[in-house]
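An overview of the molecular structure
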Amino acid sequence: MDAQDRGALRCHEHTSKLDRWLLTEKQIELVKKAGFGYLRLIPAISLDNPLISALVERWRRETNTFHVTVGEMTVSLEDVAYLLGLPIDYSGYTSGGMVKLSWLKEAFSECPEDASVEDIECHTRAYLLYLVGSTIFSTTTGNKVPVMYLPLFENFEEAGKYAWGAAALSFLYRALGNASLRSQSTISGCLTLLQCWSYYHLNVGRPKLHHDPIHECFPFVLRWKGKHSGPTSNRDVVFYRKALDSLKPSDVDWCPYANISHTVIPENILNQLILGRSRTMLICFDKAERHLPDRCLRQFGMHQTVPEEVQRWERKTRGVDGGVDLSGKMESELSEWANRSFHIVEAEEDLDEGEYMNWYLRITRKLVGRPRPISSEFQRMNAALRDIAHAADTLSTHGMDDQQIQSITRIRFVAHECLRDHVGSSTLVIANSEDDVGKRMRGKERVRRRGHIYYVETEVDPQHLCLPANAGAALSGITYHVDGARDDYTTDEIDEPEYQQAAEEADEDQLSHGQEESPCEPNAGVGVVHQSSLENSENVNRQTDYTVTA
């Protein structure tokens, strides 16, 4: 892949047409019996593709966790139970081909009121197949769902005993791992779960609610149903990437469900929540993924300790497409799941998390991305300041009180002071040579205000930039982190396959076994690193897939 940002991933989920299914009371009763009474209530939430893409960049396939500035986090079985209302316990494991979701909807979305019991059950099975194919098992094939799930709905009562939540999380873990590879441009799985998990845990891209969240409904994903507001129109992957790079402890809610009344949670779900702390294997047909809550203990109200090493496991290929029985090929994985209740992680009291953070900062990446010249970032920041100054200069104060006028005056003063002084450091560059620094820059700037796009004449005098005369020459070797693929590039790419393969293997060992990396340290305040430190970095350039054929 070249040095360009791959941009936002294409997110595949198909919840928008779920409300077009007209279920009868008898069908709803069967859906509840099968364990999907709450999943059918999932709202059609508009997916924030850039936010999801930025989260994917921080996903580690070796541990099934996100690496953020404050430590590791993950979507756990507890999150699945709270957010989707799916069972996460009971039975763990029970033909190939695909069927179009559109065909299912056209043929079975309306069941006649006078239909026979057999027809009602047939229409309900078609709905359940559509439901899981649109939500928890959505695929990158677009408008299709594997029919291998259909036999699981033959007996509705037995279907209600399956750990659908564990299967959904296994499916999402695999989707996140695949999407984290540089060659991928799409992601599937239950992205509503992922996005709402982020809303609850991270103050990044979280919309403002237009209703009182005190009166919660179950499942908790319903909090984000309906209208809400937030300035999302100009938020791209770069915006979210920087927000995650600068995440502060105060931006993280480790236990977001603690203050929500548990009286709305069904008893069967409450009784299963302890499995959210089970260190086990999650299985969904051919997909087996590790669930490692010991790496995210703060999500369960515990002190975080240095976690155990992660044993590697084989990610098998699609053995089920031909109707293959995986019970023999996944014996160890099935055994782990069967013993899930014996591997509940427990809290250790009076621990100092300093040891954990020292360990974590040695093995993680503080910044995500490959470097890019900072000139474009400076220009965007400078343009925003000019925009603010222009608005403050031209805003009419008619009808304002003294306090409002004073605020506008202060904003105007600060904006102009920043334009004059904030770039008086040799760590920022807007020109490539000494001659360029002395030039006046003119042109038309594209500005978006109040939903309208128009152009304004812009002119910046060099004296307002306060750059030293040798700025261009002094900054020729500075780069800036902005992209999500790696943080160890220099301007000269290393193309040797042997070097890349060795680096990839080293990366997996470091992050899963706790060996030290040499992360690039940014200059204070601006996230800039000198090229010399990049050249000495031992960070690796991409994640790898160590799957093997079953």
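Residues numbered from 1 in each chain as written. Predicted model: local features only at pLDDT ≥ 70, side-chain atom pairs only at ≥ 80, totals over all residues. Heavy atoms only, no water.

As annotated in an unreviewed UniProt entry, the protein chain carries the name Protein MAIN-LIKE 2 and comes from Sesamum latifolium.

1. So, the overall build of the protein chain
In terms of regular secondary structure, the protein chain is built from 19 helices and 16 strands. Here the protein chain holds 550 residues, and the buried ones make up 51% of them. About 26,100 Å² of surface is accessible on the protein chain, with carbon and sulfur atoms providing 48% of the total. (Helix = DSSP H or I, 4+ residues; strand = E, 2+ residues; numbered from the N terminus. Buried < 20%, exposed > 50% of the residue type's maximum accessible area, 1.4 Å probe, protein only. Areas by Shrake-Rupley, 256 points an atom, 1.4 Å probe, with all protein chains shown as cover.)

2. Thoughts on the nonpolar core
Formed by 106 residues in total, the largest nonpolar core has its most connected members in Phe36, Leu104, Ile136, Tyr149 and Ile187. At 11 residues, the largest contribution of residues to this core is made by helix H7 (residues 164-179). What Tyr149 contacts, discounting residues up to four positions off in sequence, is Leu129, Val132, Phe137, Phe171 and Phe285. Core analysis: the next-biggest nonpolar cluster, separate from the first, contains 5 residues, Tyr356, Trp359, Tyr360 and Ile363 among them. (Core = buried A, V, L, I, M, F, W, Y, C linked by side-chain atoms within 4.5 Å. Contact = heavy atoms within 4.5 Å.)

3. Examining the pattern of salt bridges
As enumerated under the stated definition, the model contains 17 salt bridges in all. Residue Arg58 is joined to Asp245 by a salt bridge in which the shortest nitrogen-to-oxygen separation is 2.3 Å. The buried category is assigned to Arg58, whose relative accessible area is 4%. (Salt bridge = Lys/Arg side-chain N within 4 Å of Asp/Glu carboxyl O.)

4. Quick notes on the packing of aromatic side chains
Scanning the model with the defined rule gives 25 aromatic pairs in all. Look at Trp59 and Tyr173: their rings are 5.4 Å apart centre to centre, the planes differ by 45°, and that puts the pair in the tilted class. Taking the relative accessible area as the measure of exposure, Trp59 reaches 0% and is therefore buried. Measuring from ring centre to ring centre gives 5.8 Å for Tyr356 and Trp359, while their planes differ by 40°; the resulting arrangement is tilted. Of this pair, Tyr356 and Trp359 are both found in helix H12 (residues 354-363), 3 residues apart, which corresponds to roughly one turn of the helix. Each of the two residues, Tyr356 as well as Trp359, counts as buried. Grouped by ring-pair contacts, the aromatic residues Phe36, Phe137, Tyr149, Phe153, Tyr162, Trp164, Phe171 and Phe285 constitute a single cluster. The ring of Trp337 carries Arg340 above its face, with NZ or CZ at 4.2 Å from the centroid. (Phe/Tyr/Trp six-rings, centres within 6.5 Å; stacked < 30°, edge-to-face > 60°. Lys NZ or Arg CZ within 6 Å of the ring centre and 35° of its normal.)

5. Describing the packing of helix H2 (residues 49-57) against helix H8 (residues 191-201)
Here H2 crosses H8 at 85°, and the two axes come no closer than 11 Å. Here H2 lies roughly perpendicular to H8, going by the angle between them. Contacts between H2 and H8 involve Leu51, Ile52 and Leu55 from the first element and Leu191, Leu194, Gln195, Ser198 and Tyr199 from the second. Its residues placed into classes, the contact of H2 with H8 shows 6 nonpolar, 2 polar and no charged. (Axes fitted to C-alpha atoms, helices over the stretch in contact; angles between N-to-C directions. Parallel < 35°, antiparallel > 145°, perpendicular 65-115°, else oblique. Nonpolar A, V, L, I, M, F, W, Y, C, P; charged D, E, K, R; others polar.)

6. A word on the packing of H2 against helix H9 (residues 237-245)
Contact geometry of H2 with H9 gives a least axis separation of 8 Å together with a crossing angle of 50°. Between H2 and H9, the crossing angle belongs to the class labelled oblique. Both H2 and H9 take part in a crossing whose hand is right-handed. Listed contacts from H9 to Pro50, Leu51, Ser53, Ala54, Leu55 and Glu57 of H2 are Val237, Tyr240, Arg241 and Leu244. Among the residues making up the contact of H2 with H9, the classes are represented as 7 nonpolar, 1 polar and 2 charged. (Left-handed = near helix turned anticlockwise from the far one by under 90°.)

7. Details of the pairing of strand S11 (residues 287-291)
Summarising burial for S11: 5 of the 5 residues are buried, a large majority. Of the two faces of S11, the one lined by Lys287, Glu289 and His291 and the one lined by Ala288 and Arg290 are each fully buried. For strand S10 (residues 280-284) and S11, the ladder comprises 5 bridges, and the chain directions are antiparallel. Counted as the bridge partner of Ile283 is Ala288 from S11. The turn linking S10 back onto S11 is made up of 2 residues, and Phe285 within it adopts a positive phi angle of 55°. (Pairing = 2+ DSSP bridges.)

8. Thoughts on the environment of Phe156
Locating Phe156 in the fold gives a position in helix H6 (residues 156-159). Overall, Phe156 belongs to the buried group, its relative accessible area being 5%. Considering only alpha carbons, one finds Phe156 and Arg125, 31 residues apart in sequence, at a separation of 8.8 Å. The residues touching Phe156, leaving out its near neighbours within four places in the chain, are Leu30, Lys33, Ala34, Glu121, Thr124, Arg125 and Leu128.

9. Observations regarding the side chain of Glu13
With respect to the secondary-structure elements, Glu13 resides in the loop between strand S1 (10-11) and helix H1 (25-33). At 2.9 Å, the side chain of Glu13 and the backbone nitrogen of Leu191 are in polar contact. A polar contact of 2.6 Å, which involves the side chain of Glu13, links it to the side chain of Thr192. Among residues more than four places away in sequence, those in contact with Glu13 are Leu47, Ser134, Thr135, Ser138, Gly189, Cys190, Leu191 and Thr192. (Polar contact = N/O pair within 3.5 Å; in protein donor to acceptor, adjacent residues only side chain to side chain.)

10. Things to note about H9
The set of residues buried in H9 consists of Val237, Val238, Tyr240, Arg241, Leu244 and Asp245. On an axial view of H9, the arc spanned by its buried residues comes to 165°, and they lie on one face. If you follow the buried residues of H9, they end up packed against H2 and helix H13 (375-394). (Arc of directions from axis to C-beta.)

11. Some details on unusual backbone geometry
Along the chain, Phe218 connects to Pro219 via a cis peptide bond; the corresponding omega equals 0°. Of note, the phi angle at Asn64 is positive, near 55°, even though the residue is not glycine. Mapped onto the secondary structure, Asn64 falls in the loop between strand S2 (59-60) and strand S3 (65-68). Even without being a glycine, Phe285 presents a positive backbone phi close to 55°. Mapped onto the elements of the fold, Phe285 is located in the loop between S10 and S11.

12. A closer look at the environment of Ser46
Secondary-structure assignment places Ser46 in the loop between H1 and H2. Along the backbone, Ser46 and Thr15 are 31 residues apart, and their C-alpha atoms lie at a distance of 9.5 Å.

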